[in-house]
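Given next are the chains, with one letter for each unit.
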Amino acid sequence: MGAAMPADILPSDEDAIDRAAALLRDGAVVGLPTETVYGLGGDATDDQAVARIFEAKRRPEFNPLIAHVPALETARKIAEFQAAAERLADAFWPGPLTLVLPSADGSPVSELARAGLDTIAVRAPAHPVMQAVLRALDRPIAAPSANKSGEVSPTTARHVLDSLGADIPLILDGGPSEIGIESTIVAVTGGRPRLLREGACTQADIEAVIGAVDRAAANDDVAAPGMMSKHYAPRKPLQLGVEAPSAGAVLLGFGPHAPADCLNLSPVADLVEAAANLYRMVRELDSGPGRKIQVMPIPRDGLGAAINDRLERAAAPE
Ligand code: TXA
Ligand code: MG
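This structure is a prediction, so every number in the text was calculated from the model and none was measured.

Q: Help me understand the domain arrangement of the protein, please; the structure alone is not making it clear to me.
A: Size of an interface, as often reported, equals the accessible area lost when the parts are brought together. Examined at the domain level, the protein breaks down into domain 1 (8-215) and domain 2 (238-315). Using only C-alpha atoms to locate each centre, domain 1 and domain 2 end up separated by 30 Å. The interface is formed by 14 residues belonging to domain 1 together with 14 residues belonging to domain 2. Buried surface at the junction of domain 1 and domain 2, summed over both partners, amounts to about 1,200 Å²; 62% is from carbon and sulfur atoms. Of all residues in domain 1, the largest losses of buried area upon contact with domain 2 belong to Glu61, Phe62 and Glu111, amounting jointly to 44% of the total for that side. Here domain 1 is connected to domain 2 by zero salt bridges. In this assembly, domain 1 and domain 2 are joined by zero residue pairs in polar contact (both at pLDDT 80 or more). The residue inventory of the side of domain 1 that touches domain 2, partitioned by class, reads six nonpolar, two polar and six charged.

In structure tokens form, the structure reads like this:
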């Protein structure tokens, strides 16, 4: 999906909502209003769409994304709710609360959206436009705040246009975000629940429902996301920058010069495609034959920086 230039900003009537859902179904990313801040949304079940989100944001790393759902029943398909999580969702959804929960078995959410973690952040937003898009698409929407990495979060459609207008085809205007700061994040993954990010749902609000919570910086939890998480670190040794495989090794290709018989992150050297394939292919090679995984050189521009970062972490001895 090439960059449309510049994005259309549409008032959020029924036609615009249908158009946003159609674009999302095609794998495009669009600017969407929520009651907290505007989000840069993509189909959370589509690796390529998720890779396009990271590309548009120019994220240096694949931070895990929040999967947005219309309601608790849909969230159950992608996350496991313990009692405390259930009570929080009952009390605050739809609304400005994100729950970090164990990822459900068989979840259709892209592994790239989770940055390879075995947990997932889920939120049911209250904004009627976001609700309408979620119901029209009938799939979870991965959406970070719709700003370039390092910029403050956008609270109007105009902010999104200024930051990302050249990179996305459509922004739905749902008026200024009522809340204007990102959602509160609480992790309920076993043990005492932890407040990872403060937001409009306060610690007191949360504690009134589930009792005392711990506090932790969001970064503590995801300091080493992706393949560094114990769960998905490849078991085989991994070596980078290899042009031709040595005996007993399997090659993970990149670009048109890779041997035809190896898995190739992107035969046309497209970094968006490579990011979308990364987790799946490394996992496939890890569970197949060969003692070692060797990866062809991948350029460091654009998403290449994040791809190399993840591979270097996976290659480093513990
Ligand atoms: O209000 C919001 O939450 C907005 C709107 C669009 O919903 N979204 C938003 O997304 O602020 P983002 O990507 O800018 O911030 C999400 C935060 C990041 O700090 C990320 O590290 C954390 O959530 N996060 C996501 N998944 C996580 C996980 N599995 N464990 C811990 N932290 C996680
Ligand atoms: Mg953000």
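Q: Can you help me understand a negative patch on the surface in this one?
A: Side chains of Asp13, Glu14, Asp15 and Asp18 sit close together on the surface and give a patch of like negative charge. As for its placement among the helices and strands, Glu14 is situated in helix H1 (residues 14-25). With relative accessibility at 66%, the residue Glu14 sits in the exposed group.

Q: What am I meant to see in the nonpolar core here?
A: What tends to happen in soluble globular proteins is that the nonpolar side chains get buried as a cluster. Grouped together as the largest cluster of nonpolar side chains are 77 residues, with contacts concentrated most on Phe62, Phe81, Trp93, Leu99 and Val122. Split by domain, the residues of this core number at least three in each of domain 1 (8-215) and domain 2 (238-315). When sequence neighbours within four positions are dropped, the list of residues in contact with Val122 reads Ile66, Ala67, Ile78, Ala79, Phe81, Trp93, Leu97, Thr98, Leu99 and Leu101.

Q: It is not clear to me how the site of ligand 1 should be interpreted in this structure. Could you clarify?
A: Close to ligand 1 lie 22 residues, the nearest being Thr36, His68, Thr119, Ser183 and Arg197. His68 is positioned such that a nitrogen or oxygen atom in its side chain is 2.7 Å from an oxygen atom of ligand 1. Take Arg123: an N or O atom from its side chain is 3.1 Å from an oxygen atom of ligand 1. Listed by contribution, the elements that provide at least two residues to the shell around ligand 1 are strand E4 (66-68), strand E6 (119-123), strand E10 (194-197) and helix H8 (218-222). Considering only residue class, the shell around ligand 1 consists of 11 nonpolar, six polar and five charged.

Q: Before we go on, may I ask you to explain the packing of aromatic side chains in this structure?
A: For any pair of aromatic rings, geometry is given as the distance between the ring centres together with the angle between the planes. Across all of its chains, the model carries one aromatic pair by this definition. Where Phe81 meets Trp93, the ring centres are 6.0 Å apart and the plane angle is 85°; that geometry is what we call edge-to-face. Taken together, the residues Phe81 in the loop between helix H3 (72-75) and helix H4 (83-92) and Trp93 in the loop between H4 and strand E5 (97-102) connect sequence positions 12 residues apart. Of the two residues, Phe81 and Trp93, neither departs from the other in class, the shared state being buried.

Q: What should I look at first to understand the pattern of salt bridges in this one?
A: Once the charged atoms of two side chains with opposite charge are near each other, the side chains can pair. According to the stated counting rule, one finds 11 salt bridges in the structure shown. A salt bridge links Arg300 to Glu312; the nearest nitrogen and oxygen atoms lie 2.6 Å apart. With Arg300 in the loop between strand E15 (292-295) and helix H10 (304-315) and Glu312 in helix H10, the pair connects residues that are 12 residues apart, well separated along the chain. With a relative accessible area of 51%, Arg300 lands in the exposed category. A network of salt bridges, in which partner residues are shared, links Arg58, Lys148 and Asp167.

Q: I tried to follow the sheet that holds strand E12 (residues 238-239) on my own but got confused; where do I start?
A: Backbone-to-backbone hydrogen bonds pair the strands of a sheet. The strands run either parallel or antiparallel. Ordered by their spatial adjacency, four strands build an open sheet running E12-E15-E13-E14, and the pairing between neighbours is parallel. Where the open sheet ends on each side, the last strands, each with one partner, are E12 and strand E14 (263-264). Across two bridges, the pairing between E12 and E15 is parallel. Pairing of Gln239 across the sheet is with Gln294, part of E15.

Q: Got a minute to help me understand the packing of helix H9 (residues 271-287) against H10 in this structure?
A: The axes of two packed helices give the description: the angle between them and the distance between them. Put simply, H9 and H10 touch, their axes get as near as 9 Å, and they point 20° apart. In terms of orientation, H9 and H10 fall into the roughly parallel class. In the packing of H9 onto H10, the handedness of the crossing is left-handed. When H9 is examined against H10, the residues Leu271, Ala274, Ala275, Leu278, Tyr279 and Val282 are found in contact with a partner set consisting of Gly304, Ile307, Arg310 and Leu311. Across the contact of H9 with H10, the residue classes tally to eight nonpolar, one polar and one charged.

Q: Where do I start with unusual backbone geometry in this structure?
A: Glycine aside, the phi torsion of most residues is negative, and most peptide linkages are trans. Residue Pro94 is reached from Trp93 by a cis peptide bond, and omega for that bond is -10°. Topologically, Pro94 is positioned in the loop between H4 and E5. For Asp138, which is not glycine, the phi torsion reads 60° and is therefore positive. Mapped onto the elements of the fold, Asp138 is located in the loop between helix H5 (128-137) and strand E7 (141-142). For Asp138, a relative accessible area of 64% puts it in the exposed group.

How each quantity is defined
- Residues numbered from 1 in each chain as written.
- Chains lettered and ligands numbered in written order.
- Predicted model: local features only at pLDDT ≥ 70, side-chain atom pairs only at ≥ 80, totals over all residues.
- Heavy atoms only, no water.
- Domains from an automatic or database assignment.
- Contact = heavy atoms within 4.5 Å.
- Buried area = accessible area lost by both parts, 1.4 Å probe.
- Salt bridge = Lys/Arg side-chain N within 4 Å of Asp/Glu carboxyl O.
- Polar contact = N/O pair within 3.5 Å; in protein donor to acceptor, adjacent residues only side chain to side chain.
- Nonpolar A, V, L, I, M, F, W, Y, C, P; charged D, E, K, R; others polar.
- Patch = residues over 30% accessible without salt bridge, like charges linked within 9 Å, V, L, I, M, F, W, Y side chains within 5 Å.
- Areas by Shrake-Rupley, 256 points an atom, 1.4 Å probe, with all protein chains shown as cover.
- Lys, Arg positive; Asp, Glu negative; His and termini not counted.
- Charge placed at Lys NZ, Arg CZ, Asp CG, Glu CD.
- Helix = DSSP H or I, 4+ residues; strand = E, 2+ residues; numbered from the N terminus.
- Buried < 20%, exposed > 50% of the residue type's maximum accessible area, 1.4 Å probe, protein only.
- Core = buried A, V, L, I, M, F, W, Y, C linked by side-chain atoms within 4.5 Å.
- Near = heavy atom within 4 Å.
- Phe/Tyr/Trp six-rings, centres within 6.5 Å; stacked < 30°, edge-to-face > 60°.
- Pairing = 2+ DSSP bridges.
- Axes fitted to C-alpha atoms, helices over the stretch in contact; angles between N-to-C directions.
- Parallel < 35°, antiparallel > 145°, perpendicular 65-115°, else oblique.
- Left-handed = near helix turned anticlockwise from the far one by under 90°.

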